[in-house]
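Below, each chain spelled out in residue letters.
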There are 4 protein chains.
Amino acid sequence: MTYKIAILGASGYTGAELVRLIATHPGIEIAALAANSKAGQAMGAVFPHLRHLDLPDLVTIGEIDFTGIDLCFCALPHKTSQEVIAGLPRDLRIVDLSADFRLRDPADYEKWYGNAHAAPGLQNEAVYGLTEFYRDEIAAARLVAGTGCNAATGQYMLRPLIAAGVIDLDEIILDLKCGVSGAGRSLKENLLHAELSEGYHAYAVGGTHRHLGEFDQEFSALAGRPVQVQFTPHLIPANRGILATGYVRGEAGAIHEALAAAYDGEPFIEVLPMGDAPSTRHVRGSNFCHVGVVPDRRAGRTIVIAALDNLTKGSSGQALQNANLMLSLPETTGLMLAPVFP
Amino acid sequence: MTYKIAILGASGYTGAELVRLIATHPGIEIAALAANSKAGQAMGAVFPHLRHLDLPDLVTIGEIDFTGIDLCFCALPHKTSQEVIAGLPRDLRIVDLSADFRLRDPADYEKWYGNAHAAPGLQNEAVYGLTEFYRDEIAAARLVAGTGCNAATGQYMLRPLIAAGVIDLDEIILDLKCGVSGAGRSLKENLLHAELSEGYHAYAVGGTHRHLGEFDQEFSALAGRPVQVQFTPHLIPANRGILATGYVRGEAGAIHEALAAAYDGEPFIEVLPMGDAPSTRHVRGSNFCHVGVVPDRRAGRTIVIAALDNLTKGSSGQALQNANLMLSLPETTGLMLAPVFP
Amino acid sequence: MTYKIAILGASGYTGAELVRLIATHPGIEIAALAANSKAGQAMGAVFPHLRHLDLPDLVTIGEIDFTGIDLCFCALPHKTSQEVIAGLPRDLRIVDLSADFRLRDPADYEKWYGNAHAAPGLQNEAVYGLTEFYRDEIAAARLVAGTGCNAATGQYMLRPLIAAGVIDLDEIILDLKCGVSGAGRSLKENLLHAELSEGYHAYAVGGTHRHLGEFDQEFSALAGRPVQVQFTPHLIPANRGILATGYVRGEAGAIHEALAAAYDGEPFIEVLPMGDAPSTRHVRGSNFCHVGVVPDRRAGRTIVIAALDNLTKGSSGQALQNANLMLSLPETTGLMLAPVFP
Amino acid sequence: MTYKIAILGASGYTGAELVRLIATHPGIEIAALAANSKAGQAMGAVFPHLRHLDLPDLVTIGEIDFTGIDLCFCALPHKTSQEVIAGLPRDLRIVDLSADFRLRDPADYEKWYGNAHAAPGLQNEAVYGLTEFYRDEIAAARLVAGTGCNAATGQYMLRPLIAAGVIDLDEIILDLKCGVSGAGRSLKENLLHAELSEGYHAYAVGGTHRHLGEFDQEFSALAGRPVQVQFTPHLIPANRGILATGYVRGEAGAIHEALAAAYDGEPFIEVLPMGDAPSTRHVRGSNFCHVGVVPDRRAGRTIVIAALDNLTKGSSGQALQNANLMLSLPETTGLMLAPVFP
């Protein structure tokens, strides 16, 4: 049996990445592609790398007949997403890739995003989409909220450590380096090639990046007490990839064991041998996440590092993994593509 | 049924690319991986992007038991390849990715490569591996010689034009731009990141690049008379991709028609609408080749442009496509991966 | 004595490059910087790499008092430039970096730029700014029109050959590869890092690029008969640099001699030894242009290659070289900065 | 008066960078260039970007007559440098760019570099070359030891804070991102373009990088007690640039004040306004260092960030700045080149 899906926001990078992954997925068929600003165009005109595929033309969201659609991916900008989803059929399975349903508390949402939520009822219903930690809830959910790509990376390295009680919860520093595609296809001067290439910098310094809302929510819930990490993202001149370097207090041995135990049997999370550090180039284009642990020269301090592809495991790959669960398909279907190196 | 294959030269980029592609191929299993210089190591140690795969460790070529191996890929340096293949079982199906069996005439081989061929008998047996033009011979072959990546690109744009008689055979100029991975993983000063990044240049200028041997052989055979193109490759600061810009004499309409007719029904060759120019970014990581045609402002002159990924369609993807034919598998098996963009 | 200059359009890349070069120029002082869209800001806020300099704040063009200004650089978009310059004092020396005064014939201007010229009288007065070939006229000029960056590159390789009569005027092909900064700081989807990085393509294929207007004008005037070259620019993922590969008919020896003779004693044009090919990385950030000659394997055909930095020799460096002449300063003042490699 | 200098190790990146800077230095003339492995070649053949300069050919070190040489730059690999310098005239002024004379304690040297020092007497004589903090000693020195490029970056941000007592000495984390040229021109697989481009990773994780020897020595001496920072370098796909992100405990206001006070009047160190973060692209190719301070959301925690160009301020620019002092030339001579952006 083949499930029919729709993608709203198909003219952005996460939309295109969904199409790329689904192109070789044996159980899913793309029935509709929406992109209001480019409605009427062929997908191959907007994204020529997809021109070999037999895809429906882009339409407006309003033109889609959701009858017969088994699941809908929303790859829309945040704020738009909540408004659109509020208007979709109530029985339609939805995987949202925006930030709109990640924070359970409407006050948290408003604090980090600056506006009151337009669909607080739905926010309540949404399941947080970090597959490995919410697998059963996701399988049973109607609406799944894809995580932030940085938030996913940080959680893959830290959740098992918080859960196992092997690190000091008050001394967690995350220095994160992300590629350019995480910023999307929007027209901003600081995203031009001539501005970015051959240079790098920190941004949202000092605890102002919105993905901190997810860290605070998830880590505090997991610890049963408030946890606030320090978090500084940096923009690196590469298209894909997130590398998160975590500075924690705890014994490297216990930390490595906690990670190995947590991810034993997980198809997409690879815990490297003690002392090895991962690289973004080794996960590029794939749904894999590599995690490494190295003890510091100062006793009781450990460096934990995670690498993933922001567009795949950090966004569209995660979304497809969740969709597989929601459709009762094997979780890894269509996602075992090996990384592209060099 | 699953076929067992071996890869000799698995520690180079084309070897790793074969593993990447075969990782999701349903009918082929990797039974042996050889790399003399790195024998004893795990493949995941040499190429960490493949660490999630359950692969045999690297061995020396001599350690492989070829009994039960259905097909062997040779991704060895040229010259080494002919010596190794001369020693392999005579009934073993082989896809060679080196330059050793591309030129049929031993004198041509010696002219371009500077040494007498060590296995002229095998050279005679080998079938030239440009799938779309040697499909039947490849399906029946024991030994297939993978083409040069530049040679493949130039032939995809020019063969149909020569065959259809729509261009002047004496006035063909190929200005080619290739990515860095085409030079392989060898340690050369001019391949260092600091040397290459942010700069570009022509090399092998004036008709000295070895892939000209293939152009001369194939185009002359096709035309039934000597054809010598002008060919200048340029090294571009990108990892994957070949873009060939061809300057030819002929009417753009006839040229476009000849290409469209030649590739009608071909799964991997996309002829763009008249006036469109292809880009390497739209074929990256895939087995697709995009070809475009644009008339020049001066009547009777036309620009033809082709783009492909040197490691995939230009090398390892082509090799797998040929292996599929040789094993009577559907030709596209494992090769429909969509390009990775951005 | 120190001359006072103004820069109009100081918030673009060529404006910033002028400031970079003038920063260590001993005879010129920046008295005013205009950028209407960013008026009121400090230059160091718009271009933090210039923050160590003591510069006037950005103002609107209307706010500048041109009394006491010895020379004005106009780094404005084309069309805007002609309107602004029409309103400047008639005795103000001007170096224009836009396309507005490059084409002497108003009909040519309209053909290539699509609008009637707003200041045809000034167009008549303007001297074409290719320093090495218009040196005396530039020194005496009030208004100098900076050349297109691609147009400069092509002319450096071809003018001496046309002048010496050593090539076939009807068989000139220019395959040009340019870096990203040539497109300026404008917000276009195809200039985003995620779109450009790791990919390359041809654009304005078939003879539609506006710099062809300059080639046609200059080469025809030089030859005393119409000359139309074939010209295809390609966009390369690097910030600075133009590499032009020319395919011509003529003997390499005569061609090399003509270039060597033409540039003997020229401070910025380096003719490489016969057989050497230049690279953009070896002129980056400098006012130098490297030119190489290689004979093809086919007798009577030669490849000529030129490399320069589009922002320096192709634009702002050229402008400063011309300004030096107009102000009777030594021509190389402030311009002997060595290229930045790696 | 013009001073004559020699450069030993002129075929590496720091040697070439010295030549680039000295090319426009009015008081220094290059009298000799040595590179044993490339002796006999023209500098313009080894580094074509320098071909416009009138430079002496490369010779072996033994061929140089040091009579009449006022100062010698040693840009040799560590270990080689100490052996060579031991054999140079005892009255020759030397600026060493290697690691050989940075650590005052021979035991420290042996601990970090793995071999006993071959010239411990000279080690004693050497002055640490961090100009802004050892200015008087450098001016009076015969032998100056250039700092590590990472070590310079970290010290520019931290020394004023340690000296002013405004941060907790036991809680300093330095997460550093460096460009590729810092690794030099050596042939290593992991420095190939195809390996590095589009990916990034941490290396020397856990406190094993040799520049920690400098941090330990300098910070402990400054504090009057042992100080051990945590330090993780990352390799970024860009050629030039170091960005160091420091996580410290202390009030942002006091930290910003300490930095502003320390660098008031310094020609090359720019302290950004509170809350601004520097970028490597804004110091590229220059001798400037930008330092920024941002308070964290958690009280008492502050992020300090510094950016410089590893080949200029981190190495060859620093060396020239020190040479100016040693030769009683104005310290900034030849070093006010503005950064190259884009």
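On a predicted model such as this, the values are computed, not experimentally measured, just so you know.

**A short note on the pairing of strand β5 (residues 93-96) of chain C**
All names here are of chain C. Note: strand β4 (residues 71-74) against β5, four bridges, orientation parallel. Residue Phe 73 lies in a different strand from β5, and its bridge partner there is Val 95. Handedness of the crossover joining β4 and β5 through helix α3 (residues 80-86): right-handed. Of the pairings in the sheet, the one linking β5 to strand β7 (residues 143-145) comprises three bridges and is parallel in character. In the strand pairing of β7, Ile 94 is matched with Leu 143.

**Some points on the nonpolar core**
In terms of nonpolar packing, the biggest core is built from 419 residues, with Phe73(A), Phe73(B), Phe73(C) and Phe73(D) touching the most fellow members. Beyond its immediate stretch of four places on either side in the chain, Phe73(B) contacts Ile5(B), Ala6(B), Ile7(B), Leu8(B), Leu18(B), Ile22(B), Val95(B), Leu97(B), Ala319(B), Leu320(B) and Ala323(B).

**Section: the side chain of Gln318(D)**
Residue and element names in this part refer to chain D. Take Gln 318: it is sitting in helix α11 (residues 312-326). A relative accessible area of 1% means that Gln 318 is categorised as buried. Within the structure, Gln 318 has its side chain in polar contact with the side chain of Thr 147 (distance 2.8 Å). The residues touching Gln 318, leaving out its near neighbours within four places in the chain, are Gly 129, Leu 130, Thr 131, Gly 146, Thr 147, Ala 152, Asn 287, Thr 312 and Lys 313.

**Some thoughts on the interface of chain A and chain B**
Contact with chain A, which involves 32 residues of that partner, is made by 32 residues of chain B. In total, chain A and chain B occlude about 2,800 Å² of area from one another, counting both sides; carbon and sulfur atoms represent 66% of this. Within the residue set of the side of chain A that touches chain B, elements represented by two or more residues are α1 (13-22) and β12 (269-271) of chain A. Counting residues per element, the side of chain A that touches chain B draws most heavily on α1(A), at three residues.

**Side note on the sheet that holds strand β9 (residues 201-202) of chain A**
All names here are of chain A. The strand order across the open sheet built from seven strands is β9-β10-β8-β11-β14-β13-β12, with neighbouring strands paired in mixed fashion. Single-partner strands in this sheet number two, and they are β9 and β12. Bridge count for strand β11 (residues 242-249) against strand β14 (residues 301-308) is eight bridges, and the pairing is antiparallel. Note on β14: the bridge partner recorded for Ile 242 is Leu 308. Contacting β11, β12, β13 (289-295) and β14, helix α10 (residues 252-263) runs over the sheet at an angle of about 160° to β13.

**Describing the sheet that holds strand β3 (residues 58-59) of chain D**
Residues and elements named next belong to chain D. Read across the open sheet, the seven strands follow the order β3-β2-β1-β4-β5-β7-β6; overall the sheet is parallel. Either end of the sheet is taken by a strand with one partner, and the two such strands are β3 and β6 (127-128). Alignment of strand β1 (residues 3-8) against strand β4 (residues 71-74), held across four bridges, turns out to be parallel. The residue bridging Ala 6 from the neighbouring strand is Cys 72, located in β4. With respect to the sheet, helix α1 (residues 13-22) is in contact with β1, β2 (28-34) and β4, its orientation differing from that of β1 by roughly 160°.

**Re the relation of the copies chain A and chain B**
The pair of chain copies shares a relation made of a rotation about an axis and a shift along it. Screw-axis analysis of chain A against chain B gives a translation of 0.0 Å along the axis, an RMSD of 0.0 Å, and a rotation angle of 180°. Here the symmetry operator amounts to a two-fold rotation axis. Looking at chain A, 100% of its interface residues are interface residues in chain B too, so the copies touch through the same face.

**Examining the relation of the copies chain A and chain D**
Rotating chain A by 180° about the axis while translating it 0.0 Å along that axis superimposes it on chain D, leaving an RMSD of 0.0 Å. With an isologous cut-off of 70% or more, the 100% of interface residues of chain A that recur at the interface of chain D puts this contact in the isologous class.

**A short note on the packing of helix α7 (residues 149-164) of chain D against helix α10 (residues 252-263) of chain D**
All names here are of chain D. At a minimum axis distance of 9 Å, the contact between α7 and α10 shows a crossing angle of 105°. In this view, α7 runs roughly perpendicular relative to α10, as classed from their interaxial angle. In this structure, α7 contributes Gln 155, Tyr 156, Met 157, Pro 160, Leu 161 and Ala 164 to the contact, and α10 contributes Ile 255, Ala 258, Leu 259, Ala 262 and Tyr 263.

**Some thoughts on α10(D)**
Residues that lie three or four places apart on an α-helix share one face, since the helix turns once every 3.6 residues. Residues and elements named next belong to chain D. Under the 1.5 Å per step criterion, the end-to-end length of α10 is 16 Å for twelve residues, consistent within 8% with the ideal 16 Å. When α10 is considered as a whole, its buried residues turn out to be Ala 252, Ile 255, His 256, Ala 258, Leu 259 and Tyr 263. Around the axis of α10, the buried residues are gathered within 160° of arc, so they sit on the same side. Exposed positions of α10 whose direction lies more than 90 degrees from the buried face are Glu 257 and Ala 261.

**Side note on the domain arrangement of chain A**
Residue and element names in this part refer to chain A. Looking at the assigned domains, one finds that chain A contains domain 1 (3-147 + 313-326) and domain 2 (150-309). Centre-to-centre, using C-alpha coordinates, domain 1 lies 24 Å away from domain 2. Listed per partner, the contact involves 25 residues of domain 1 and 32 residues of domain 2. Overall, the association of domain 1 and domain 2 removes approximately 2,400 Å² of surface from exposure, summing both partners, and the carbon and sulfur fraction of that is 48%. The largest per-residue losses of area from domain 1 upon contact with domain 2 belong to Tyr 13, Trp 112 and Lys 313, which jointly make up 30% of the total buried on that side. Our enumeration of links across domain 1 and domain 2 arrives at four salt bridges. One salt bridge in this structure joins Arg 102 and Glu 214, with 3.4 Å as the shortest N-O distance. If you look at where domain 1 meets domain 2, you find 19 residue pairs in polar contact (both at pLDDT 80 or more). For the side of domain 1 that touches domain 2, the secondary structure elements donating two or more residues are α1, α4 (106-113), α6 (131-140) and α11 (312-326).

**Considering the environment of Thr312(D)**
All names here are of chain D. Mapped onto the fold, Thr 312 is located in helix α11. By relative accessible area, which is 1% here, Thr 312 ends up buried. Spatially, the C-alpha atoms of Thr 312 and Cys 149 are 9.1 Å apart, while their sequence positions differ by 163 residues. Ignoring any residue separated from it by four or fewer positions in sequence, one finds Thr 312 in contact with Glu 17, Arg 20, Leu 21, Arg 240, Gly 285, Ser 286, Asn 287, Gly 317 and Gln 318.

**What to know about the pattern of salt bridges**
Where charged atoms of side chains with opposite charge meet at close range, the side chains can pair. All names here are of chain A. Evaluated as defined, the whole model comprises 84 salt bridges over all chains. A salt bridge links Arg 240 to Asp 309; the nearest nitrogen and oxygen atoms lie 3.0 Å apart. Taken as a pair, Arg 240 in the loop between β10 (230-235) and β11 and Asp 309 in the loop between β14 and α11 lie far apart in primary sequence, 69 residues in all. Of the two residues, Arg 240 and Asp 309, neither departs from the other in class, the shared state being buried.

**Some remarks on unusual backbone geometry**
Among all residues except glycine, the phi angle is most often negative; among peptide bonds, the trans geometry is most common. Along the chain, Phe341(B) connects to Pro342(B) via a cis peptide bond; the corresponding omega equals -5°. Here Pro342(B) is to be found in the segment after α11 (312-326). For Ala204(A), which is not glycine, the phi torsion reads 50° and is therefore positive. Assignment of secondary structure puts Ala204(A) in the loop between β9 and α9 (211-223). Its identity as a non-glycine residue notwithstanding, Ser328(A) has a phi of 60°, on the positive side. Examined against the element boundaries, Ser328(A) turns out to sit in the segment after α11.

**Points about the packing of aromatic side chains**
Within the structure shown, the criterion is met by 40 aromatic pairs over all chains. Between the NZ or CZ atom of Arg159(B) and the centre of the ring of Phe133(B), over which it lies, the distance is 4.8 Å.

**Digging into the UniProt feature "active site" (unreviewed entry) in chain A**
Residues and elements named next belong to chain A. Mapped onto this numbering, the UniProt entry gives "active site" (unreviewed entry) at Cys 149. Here Cys 149 lies in helix α7 (residues 149-164). Relative accessible area serves as the criterion here: at 16%, Cys 149 is assigned to the buried category.

**Let's talk about the interface of chain A and chain D**
Listed per partner, the contact involves 55 residues of chain A and 55 residues of chain D. Across the chain A to chain D interface the summed buried area is about 4,600 Å²; carbon plus sulfur atoms make up 46%. Scanning the region where chain A abuts chain D turns up eight salt bridges. Across the pair Lys177(A) and Asp175(D) runs a salt bridge whose closest N-O atoms are separated by 2.9 Å. Run the count over chain A and chain D and you get 49 residue pairs in polar contact (both at pLDDT 80 or more). Those elements that place two or more of their residues in the side of chain A that touches chain D are β8 (173-178), α8 (193-196), β9, α9, β10, β11, β13 and β14 of chain A.

**Comments concerning the pairing of strand β13 (residues 289-295) of chain D**
Residues and elements named next belong to chain D. Most of β13 sits inside the fold, with six of its seven residues counted as buried. Pairing of strand β12 (residues 269-271) with β13 involves three bridges; the strand directions are parallel. When the bridges of β13 are listed, Ile 269 appears paired with Cys 289. One ladder, built from seven bridges, connects β13 with strand β14 (residues 301-308); its direction is antiparallel.

Definitions and cut-offs
The written sequence of each chain sets the order in which its residues are numbered from 1. Numbering of ligands from 1 and lettering of chains from A proceed in the order in which they are written. Totals for whole chains, interfaces and linings use all residues, but because this is a predicted model, local features are given only for residues with pLDDT of at least 70 and pairs of side-chain atoms are given and counted only at 80 or more. Note that water and hydrogens are dropped before the side-chain values are worked out from all heavy atoms of the structure. Should DSSP find at least two bridges between two strands, the strands are taken to pair. The secondary structure listing takes helices from DSSP runs of H or I that are at least 4 residues long and strands from runs of E that are at least 2 residues long, numbered from the N terminus. Handedness of a crossover is defined as follows: with both strands directed away from the viewer, a clockwise route from the first strand across the helix to the second makes it right-handed. Residues enter a nonpolar core if they are buried and are Ala, Val, Leu, Ile, Met, Phe, Trp, Tyr or Cys, with the set joined through side-chain atoms within 4.5 Å. Burial classification: accessible surface area is computed with a 1.4 Å probe over protein chains only, and a residue below 20% of its type maximum counts as buried, one above 50% as exposed, and the rest as partly exposed. By definition, residues are in contact when any of their heavy atoms lie within 4.5 Å. Between N or O atoms, a polar contact is any pair within 3.5 Å; within protein, one atom must be a potential hydrogen donor and the other a potential acceptor, and residues adjacent in sequence are included only when both atoms are from side chains. Buried area: the accessible surface (1.4 Å probe) lost by two parts on joining, summed over both. Structural elements are reduced to axes, namely lines fitted to C-alpha atoms, with helices fitted over the stretch in contact, and the angle between N-to-C directions of any two is expressed from 0 to 180 degrees. The copies are overlaid by a least-squares fit using only the C-alpha atoms of residues whose pLDDT is at least 70 in both copies. Should an angle lie under 35 degrees it is considered roughly parallel, over 145 roughly antiparallel, and from 65 to 115 roughly perpendicular; all remaining angles are considered oblique. Expected span of a helix, by definition, is 1.5 Å for each gap between consecutive residues, and there is one gap fewer than residues. The arc in question is formed by the directions pointing from the helix axis toward the C-beta atoms. Where each domain starts and ends follows an automatic or database-derived domain assignment. We count a salt bridge whenever a side-chain nitrogen from Lys or Arg sits within 4 Å of a carboxyl oxygen from Asp or Glu. Only Phe, Tyr and Trp rings are paired, with Trp represented by its six-membered ring, and only when their centres lie within 6.5 Å; those with planes under 30 degrees apart are stacked, over 60 edge-to-face, the remainder tilted. In our convention, an over-ring charge means Lys NZ or Arg CZ found within 6 Å of a ring centre and within 35 degrees of that ring's normal. UniProt positions are given in the numbering used here, feature names are shortened, and annotations may be inferred rather than shown by experiment.

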